[in-house]
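Letter by letter, the chains look like this.
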Amino acid sequence: MGARRAGIFPTFFLSGFECSTFLWKDGRRRDLVAETGHREQALRDYEVLHDLGIAVAREGVPWPMADRGRGRYDFSAVEPMLDAMRRTRITPVWDMCHYGYPDDADPFDDAFSDRFAAYCRAFARHVKNELPGPYYFTPINEITFFSFCGGEWGWVAPYGKDRETRERLRVALCRAAIAGVRAIREVLPQARMIHVDPLVQVVAPADRPDQKEAAEHETFVDTFLAWDMLYGKAKPELGGAPEILDIVGANNYSFGQMEYREHGPHQALPPGHPGIVPLCELLRRVWERYRRPMVIGETSGMGRGRPDWLRDVMQESMAAVNRGMDLHGICLFPGVDMPDWHTGEWLHNGICDLVERDGGLLRVPHEPYVAELRRWQRELNRVEGLDEAPYRAPVALQDVVAAARRLAPRPDSDWG
């Protein structure tokens, strides 16, 4: 059979937990970890992933809480997660900035990237003493989306409301992310970086052909600009390079395919819209641009659509592997439900739903979603048992390649 091809991650399926700490548009600091009860129920949440054979999870370090200023740090907020990781042997991908930064920090200040780098360096030292490797980090989550919701839409700090502010914020965040990568690798030279942003497809309204150029700009320029800066294709003076971009985390949600709106967020395309592009094609755009290892950094359906969404994502991912793309994993995000930022209503997009009971939040696995995950784990020969098997050795990516060939023998066929 030849040499087995090692994957980057211990398991092909990853998960993660919503960990945003932004200043919301009402001026209130949000802590989504507290809102979902994840900090108090970290062990239970990680046991769910362990029992599902998922050995990697995206987890957040709350920069606004951890950075006390003047080089002082308090990482106690992640101690429950560290303990759960030790007990379940699940490897984290640490989000160092998930839309939130300290109250006294200004992303447009020259000192912002230095402060972020110092914080990243301090946490790298901390986690080196707390957990064995391998080590994975996402320095700044969804730089492009952050730049829109914080720079143009005014949802979160710094509350910009124009395109110029959006672009200034995107550059500032890329500069900080590059500094963060270098700082982490001073402490952990072998650490891998996963830079996550949404896959986006924007089309002009049928009655507005004059907006076609603007829609294509967002599809083929805006989608990639942050990754381009991290890679060094754009604004090379920031210090980007292929080893900085490292692993591309391409998030895939249905609302990432949109109809253009000149002012404000675009409108999600309805199912069956002719402008919808298959996931395999969206991944191809990323692969041909960078030729870097890829992971689907986040994906999930909503409500009863979760198992069907996973089936479609897996079929498209197998097609991508058959076409030679270096796809190393799929992150089923989130592991437990999260609230809609605007309404507070539960989205029902997690592996587990959250049910309010006796003053707490009960974790209830969505069984059809779990059953579909199990089916794919069997197909990929990933999980032979529910306890020790996923953790005995690194995953051989060859298993995924072999499954892709078995399930889609004609690489050029359409998945429908």
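Anyway, here's the lowdown on the structure attached to this text. (Residues numbered from 1 in each chain as written. Predicted model: local features only at pLDDT ≥ 70, side-chain atom pairs only at ≥ 80, totals over all residues. Heavy atoms only, no water.)

Comments concerning the environment of Cys120
Here comes step 1: As for its position among the elements, Cys120 is in helix α5 (residues 111–130).
Here comes step 2: The exposure class of Cys120 is buried, given its relative accessible area of 0%.
Here comes step 3: In sequence terms Cys120 and Tyr99 are 21 residues apart; their C-alpha atoms lie 15 Å from each other.
Here comes step 4: The contact partners of Cys120, leaving out residues within four places of it in the chain, are Met96, Gly180, Ala183 and Ile184. (Helix = DSSP H or I, 4+ residues; strand = E, 2+ residues; numbered from the N terminus. Buried < 20%, exposed > 50% of the residue type's maximum accessible area, 1.4 Å probe, protein only. Contact = heavy atoms within 4.5 Å.)

Focus: the sheet that holds strand β10 (residues 257–259)
Here comes step 1: With mixed pairing, the 3 strands of this open sheet are ordered in space as β8-β10-β11. Where the open sheet ends on each side, the last strands, each with one partner, are β8 (201–203) and β11 (267–268).
Here comes step 2: Here 2 bridges tie β10 to β11, and the two strands are oriented antiparallel to one another. Residue pairing in the sheet places Glu259 in a bridge with Gln267 of β11. (Pairing = 2+ DSSP bridges.)

Here's the deal with the pattern of salt bridges
Here comes step 1: Taken as a whole, this structure holds 34 salt bridges when the rule is applied.
Here comes step 2: Of the charged contacts, one joins Arg29 and Asp103 as a salt bridge, the two residues approaching to 2.5 Å between their closest N and O atoms. Of this pair, Arg29 sits in the loop between β1 (13–16) and α1 (32–36) while Asp103 sits in the loop between β5 (91–95) and α5, and the two are 74 residues apart along the sequence.
Here comes step 3: Take Asp103: its relative accessible area is 63%, and that puts it in the exposed class.
Here comes step 4: Residues Arg192 and Asp246 are paired through a salt bridge, measuring 2.7 Å at the closest nitrogen-oxygen approach. In this pair, Arg192 sits in strand β7 (residues 192–198) while Asp246 sits in the loop between α9 (242–245) and β9 (247–251), placing the two residues 54 residues apart along the sequence.
Here comes step 5: Residue Asp246 is classed as buried on the basis of its relative accessible area of 3%. (Salt bridge = Lys/Arg side-chain N within 4 Å of Asp/Glu carboxyl O.)

What to know about the packing of helix α11 (residues 306–322) against helix α12 (residues 367–380)
Here comes step 1: For the pair α11 and α12, the least separation of the axes is 8 Å and the interaxial angle reads 25°. Here α11 is positioned roughly parallel relative to α12, judged by the angle of their axes. Judged by the twist between their axes, the crossing of α11 over α12 is right-handed. Of the residues in α12, those in contact with Arg306, Pro307, Leu310, Arg311, Met314, Gln315 and Met318 of α11 are Pro368, Tyr369, Glu372, Leu373, Arg375, Trp376 and Leu380.
Here comes step 2: Residue composition of the contact of α11 with α12, grouped by class: 9 nonpolar, 1 polar and 4 charged. (Axes fitted to C-alpha atoms, helices over the stretch in contact; angles between N-to-C directions. Parallel < 35°, antiparallel > 145°, perpendicular 65-115°, else oblique. Left-handed = near helix turned anticlockwise from the far one by under 90°. Nonpolar A, V, L, I, M, F, W, Y, C, P; charged D, E, K, R; others polar.)

A short note on helix α2 (residues 42–51)
Here comes step 1: Those residues of α2 lying buried are Ala42, Asp45, Tyr46, Val48, Leu49 and His50.
Here comes step 2: Looking at the packing, one finds that the buried side of α2 touches β1, β2 (56–60), α4 (79–88), β14 (352–357) and β15 (360–365).
Here comes step 3: Just beyond α2, the residue with positive phi is Gly53, at close to 75°.

Here we look at the nonpolar core
Here comes step 1: Counting residues in hydrophobic clusters, the biggest one holds 115 residues, and the most contacted among them are Phe13, Trp94 and Phe137.
Here comes step 2: Beyond its immediate chain neighbours, meaning those up to four positions away, Trp94 contacts Glu59, Gly60, Val61, Val78, Leu82, Met85, Phe123, Val127, Leu131, Tyr136, Phe137 and Thr138.
Here comes step 3: Judged by nonpolar contacts, the second largest core, of 13 residues, contains Phe9, Tyr136, Tyr253 and Phe333. (Core = buried A, V, L, I, M, F, W, Y, C linked by side-chain atoms within 4.5 Å.)

A look at helix α6 (residues 143–151)
Here comes step 1: With 8 of its 9 residues buried, α6 lies for the most part within the structure.
Here comes step 2: Looking at the packing, one finds that the buried side of α6 touches α7 (163–187), β7 and α8 (212–231).

Thoughts on the pairing of β7
Here comes step 1: Burial of β7 is extensive: 6 of the 7 residues sit out of reach of the surface.
Here comes step 2: By the bridge criterion, 2 bridges tie strand β6 (residues 136–138) to β7 in an arrangement that is parallel. Bridge pairing in β7 places Phe137 opposite Met193.
Here comes step 3: Across 5 bridges, β7 lies against β9 in parallel orientation. Of the residues in β9, the one forming a bridge with Asp197 is Ala250.

A closer look at a nonpolar patch on the surface
Here comes step 1: On the surface, a cluster of nonpolar side chains totalling about 180 Å² of accessible area is made up of Val355, Leu362 and Val364.
Here comes step 2: The residue Val355 is located in strand β14 in this model.
Here comes step 3: Residue Val355 is classed as partly exposed on the basis of its relative accessible area, which comes to 30%. (Patch = residues over 30% accessible without salt bridge, like charges linked within 9 Å, V, L, I, M, F, W, Y side chains within 5 Å. Areas by Shrake-Rupley, 256 points an atom, 1.4 Å probe, with all protein chains shown as cover.)

Remarks on the packing of α6 against α8
Here comes step 1: Close contact between α6 and α8 brings their axes to 8 Å; oriented N to C, the two are set at 120°. In terms of their interaxial angle, α6 and α8 are classed as oblique. Here Ile143, Thr144 and Phe148 of α6 lie close against α8, whose contacting residues are Asp222, Thr223, Ala226 and Leu230.
Here comes step 2: A class-by-class count of the residues in the contact of α6 with α8 yields 4 nonpolar, 2 polar and 1 charged.

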